[in-house]
Amino acid sequence: MAEIPLYFVDLHDDLDDYGFEDYGPDRDSMRVTAFLDIPGQDNLPPLARLEKYAFSENIFNRQIIARGLLDVLRDFSNNEEDFLTVMEIVVRLAEDAEPTVRTELMEQIPPIAVFLQENRSNFPVVLSEYLTPIVVRYLTDPNNQVRKSSQEVLLILLEQDLISQHDIENKVCPILLALSAPDSDDEYKAEAVNIICKLASMLSKSTVESLLLPRFCELCGDGKFFQVRKVCATNFGDICHAVGQEATEKFLIPKFFELCSDNVWGMRKACAECFMAVSYSASPEVRRAQLSPLFIKLISDPCRWVRQAAFQSLGPFISTFANPSRAGLYIREDGTLSIRPPARDLDSALAYGSPRAGSCGNTSSACSTKLVHTEPDLPTEGASTGTSDLLHSSSSSGGLMANSVEDSALPGAESARLSPEAGASLKLLDGDNLPIHCHPGLGYSTCPESPEDVFSNFLYWRTPLPDISKDLELLLSEAGPQEKGCSRPETVHHSCVARSEIQKVLDSLQEHLMNDPDVQAQVQVLSAALRAAQLDSVNEPEHQPMEGRHEGSVSDPSPASDNQTALSASSSQKELSEPRILQSTDIIPQPLLDQYVSMTDPARAQTVDIDIAKHCAYSLPGVALTLGRQNWHCLRDTYETLASDVQWKVRRTLAFSIHELAVILGDQLTAADLVPVFNGFLKDLDEVRIGILKHLYDFLKLLHEDKRREYLYQLQEFVVTDNSRNWRFRYELAEQLILILELYNPNDVYDYLMHIALKLCADKVSEVRWISFKLVVAILQKFYSHSERALGLNFISELIVRFRHCAKWVGRQAFAFICQAVVNEECIPVDQFVEHLLPSLLSLASDPVPNVRVLLAKALRQTLLEKAYLRNAGNPHLQVVEETVLALQSDRDPDVSFFATLEPKRRSTADRPVLAERN
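Residues numbered from 1 in each chain as written. Predicted model: local features only at pLDDT ≥ 70, side-chain atom pairs only at ≥ 80, totals over all residues. Heavy atoms only, no water.

Novice: With reference to specific residues and values, describe the overall build of the protein.
Specialist: The helix and strand tally for the protein stands at 49 helices and four strands. Taking all 919 residues of the protein together, the buried fraction comes to 53%. In the protein, once contacts between residues fewer than 6 apart in sequence are set aside, the share between residues at least 24 apart is 68%. Put simply, the protein shows about 41,500 Å² of open surface, and 52% of that area lies on carbon and sulfur atoms. (Helix = DSSP H or I, 4+ residues; strand = E, 2+ residues; numbered from the N terminus. Buried < 20%, exposed > 50% of the residue type's maximum accessible area, 1.4 Å probe, protein only. Contact = heavy atoms within 4.5 Å. Areas by Shrake-Rupley, 256 points an atom, 1.4 Å probe, with all protein chains shown as cover.)

Here it is in structure tokens:
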């Protein structure tokens, strides 16, 4: 037998003599506590015995004492004098010459600090006077392990707010500033700056700015030890966030420029990685004028690793240019994208965009020189959204500019909501003699307030139409540079611009043509204006078919005309997608967009990063949100290229974010550009399809009802997977179907979704079956909540045939669980349950398989008998249920009798885990 090491003698032998042999993982600390409680040991009191072993010559004994200090402090916390004596021993133990003892002591300080915090009324100053000085002193400990432990403990104490602000400013910060001084040791300096960077996020802005910021700026230029500059560069964004915009631009941006030009490529790479965080803390002016050129320099860096980091940060950096007020969308606290709720009153609508629209109507020249960004009136989350691209201004550089404004009419609503720009355009075109129908909160410059001013079919359909030539001349005189293809005589040019303006407004109204007679009336007025403009044109017959098309769509809104409109919109979008030039130059600098769209270039994968396309796909929703749907044409080709990338991980990334992109683009662009990609992903690999499946409900709810119905048949394709063992795929499908039920009517649910649910209920994997039972209950609830009793009865009959009379016991057990869930959720009327489901459920009492009878016993005893309906004394079904329960109580299987006897209040285990265990 090997010889017992010397350090096991003394304390351990004394404890083993008294029978303390095994105390589990915390054996040593419990030995200390137990030993101190032994009366008469060494004829010393517990405190004296503690001191004896705390300063024993045996190192291992001192380690054990340090490891068990929390238990010791708890034992002596009732007496303040004894407690302070223990703390004095701790202070002396902190001066131990053995590094392992000091490390053990340091690791115990966080739990001890928490204990002291919980008992602050008893020990108000112990943490500040005893423990904090130990932690601070260990920051300069010569042993590297002790220093690392003290740094970790300090950050833990700061994160949990266990160190007072006074101690931070007067005890912690001074030692950090001393360690990071220019003449300090390089290793200490690097460690100190790392703590300073982490400490900055935990202190107040004023404290960081007054105490730590000057030293941080000094360390950014440290030329002696590049690791110090590397730490500064890595944490630069955190410091910017801590001090705020003013201090960032005044003190930190100049230092950031120096670090981005550092000779060490690792420094420039660290700057590229934190570029987004720095940009968030800067003003838009600084972001555009200073940071954008700096980023272009990094993205063209001669070092490949710097370029790689810069391209990975390009999308996030572009997202810092996003303006929620312009996009009409915002990011929630949980990170999800949401639509801003609509304005509730006229004042808020005016604040959003009406003044600008009004100024556009009153002073047309103001609209001809710059793009006016107005915020649309947006529906609440889940509402169907659309886009209407209104060409309403031209840039001073000569290029036409368009702004896409969200048209937020709800499907089937009584009236269509038009954007302020559309309202202004209508007013210009129709003149003051025609009333414009408007709604509160939509930002119109004038709204009817008396019943006489409300919309009237007579006013809109009266003949003859008013003379609008003067208004058209006013509009044409203020128009910007010529459109491409309109470089003809002056009158021809004016006609092109006028028809373009009117045509854009007409296109924006096509979506709501079927739903709203008001919109039809407005289209009639605009069509008349279009005809008037064409009368003034000179030899331009090519536009006559356009006129005929719109007239036909007004008089006969047939599906064929809708298809023609969609095809026309699609072709115009393809024309816009050719140049990748921003329609609004004040969103992001054009060079950033050029670099971003170049990330799909195969050459980039060879010279920068093989995964660069994946990074491009990952950040695409953020870039799209920043540019706005009016500039989606800049990203359309990039998105299509990524969607057809040969790497499945690129397509998978897009699949996981397509629902977010649909929210950003609105229903028109989604139908035109995202639905084809979505359809392709449906037939892709399972790794890609799972991205679609996880957010299937989120995507489908954004589509129009007719487009949504096209996917009913395709949903069953999700049941089939490349690998049948991929049961989580089918589990996710069941979860999504529970949500999707609300998107379809009961007949569609019965014809399509019900069969998928039945198939999933018979899955080989129990987890899939359990979630599918919930789907079945949700379907029954759908039928009965919509008064579709016949569909509900047919479904119940199907359940009885498939599961109650199933040859496999698992199916019969599933029927018992479904019945129990139906009762729990109360998804069908009670009379329907007792008439159609209860007899089949009670017949399971004679089932030969105990597992089936066990679940029957639970369903009857723990669920059915708890319902008030059956507890009524005169209920004719109560006697039958009680007789079945009595029979189950005397069942030959002990589990069946147990659960049939078990009172509901004694139930401590959920049904599902118990059954899963039995299976």
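Continuing now.
Novice: Got a sec to walk through the packing of aromatic side chains? Specific residues and values, please.
Specialist: Summed over the entire model, instances satisfying the criterion amount to 18 aromatic pairs. A centroid spacing of 5.5 Å and a plane angle of 70 degrees characterise the contact between Phe317 and Phe321, whose relative ring orientation is edge-to-face. On the basis of relative accessibility, which here comes to 0%, the residue Phe317 falls in the buried class. The class of Phe321 is buried, set by a relative accessible area of 8%. Residues Tyr750 and Phe783 carry aromatic rings whose centres are separated by 6.2 Å and whose planes lie at 55 degrees to one another, so their mutual orientation is tilted. (Phe/Tyr/Trp six-rings, centres within 6.5 Å; stacked < 30°, edge-to-face > 60°.)

Novice: An account of the side chain of Arg708 is needed here, citing residue identities and associated values.
Specialist: With respect to the helices and strands, Arg708 occurs in helix H37 (residues 705–709). In this structure, Arg708 is buried with no salt-bridge partner, the nearest side chain bearing the opposite charge being Glu705 at 5.9 Å. Separated by 3.0 Å, the side chain of Arg708 and the backbone oxygen of Leu700 make a polar contact. Beyond its immediate sequence surroundings of up to four residues, Arg708 is in contact with Leu700, Lys701, Leu703, Leu743 and Tyr744. (Lys, Arg positive; Asp, Glu negative; His and termini not counted. Salt bridge = Lys/Arg side-chain N within 4 Å of Asp/Glu carboxyl O. Polar contact = N/O pair within 3.5 Å; in protein donor to acceptor, adjacent residues only side chain to side chain.)

Novice: Break down helix H35 (residues 686–694) for me, citing the residues and quoting the values.
Specialist: With seven of nine residues buried, H35 lies mostly within the body of the structure. Those residues of H35 hidden inside the fold are in contact with helix H34 (648–682), helix H36 (696–700) and helix H38 (727–740).

Novice: So what's going on with the nonpolar core? Residues and values would help.
Specialist: In terms of nonpolar packing, the biggest core is built from 228 residues, with Phe236, Phe256, Tyr596, Trp632, Leu753, Phe833 and Leu841 touching the most fellow members. Top element by residues in this core is H34. It accounts for 16 residues. Apart from residues lying up to four places away in sequence, Phe236 is in contact with Phe216, Cys220, Leu252, Lys255, Phe256, Leu259, Cys274 and Val278. (Core = buried A, V, L, I, M, F, W, Y, C linked by side-chain atoms within 4.5 Å.)

Novice: Would you mind going over the environment of Leu665 in detail, with residue names and values included?
Specialist: Checked against the element boundaries, Leu665 lands in helix H34. Overall, Leu665 belongs to the buried group, its relative accessible area being 1%.

Novice: Lay out the packing of helix H13 (residues 226–234) against helix H15 (residues 265–273) with the relevant residues and their values.
Specialist: Packing of H13 against H15 brings their axes to within 8 Å, and their N-to-C directions diverge by 10 degrees. As the angle between them shows, H13 and H15 are arranged roughly parallel. Where H13 approaches H15, its residues Phe226, Arg229, Lys230, Ala233 and Thr234 are matched on the opposing element by Gly266, Met267, Ala270 and Cys271. Split by residue class, the contact of H13 with H15 holds five nonpolar, two polar and two charged. (Axes fitted to C-alpha atoms, helices over the stretch in contact; angles between N-to-C directions. Parallel < 35°, antiparallel > 145°, perpendicular 65-115°, else oblique. Nonpolar A, V, L, I, M, F, W, Y, C, P; charged D, E, K, R; others polar.)

Novice: I'd love a proper account of the pattern of salt bridges, names of residues and values included.
Specialist: Evaluation of the coordinates by the stated rule reveals 25 salt bridges. Here Arg62 ties to Asp96 by a salt bridge, and the two come within 2.5 Å at their closest N and O atoms. Here the residue Arg62 occupies a position in helix H4 (residues 59–67), and Asp96 occupies one in the loop between helix H6 (80–93) and helix H7 (99–118), the gap between them amounting to 34 residues. Asp96 matches Arg62 in its accessibility class, with the two residues each being buried. One salt bridge in this structure joins Asp262 and Arg229, with 2.9 Å as the shortest N-O distance. One end of the pair, Asp262, is in the loop between helix H14 (236–260) and H15; the other, Arg229, is in helix H13, and 33 residues separate them in sequence. Assessed through its relative accessible area of 10%, Arg229 is described here as buried. What emerges from the salt-bridge pattern is a single network uniting Arg147, Lys148, Glu187 and Glu191.

Novice: Got a sec to walk through unusual backbone geometry? Specific residues and values, please.
Specialist: For Ser787, which is not a glycine, the phi torsion comes out positive at approximately 60 degrees. Note on placement: Ser787 falls in the loop between helix H40 (766–785) and helix H41 (789–804). Its identity as a non-glycine residue notwithstanding, Glu826 has a phi of 50 degrees, on the positive side. Relative to the elements of secondary structure, Glu826 occurs in the loop between helix H42 (809–825) and helix H43 (830–836).

Novice: Pulling in residues and values, what's your account of the side chain of Asp686?
Specialist: In this fold, Asp686 is placed in helix H35. Assessed through its relative accessible area of 7%, Asp686 is described here as buried. At 2.6 Å, the side chain of Asp686 and the backbone nitrogen of Asp722 are in polar contact. If sequence neighbours within four positions are ignored, Asp686 has contacts with Thr721, Asp722, Asn723, Asn726 and Phe729.

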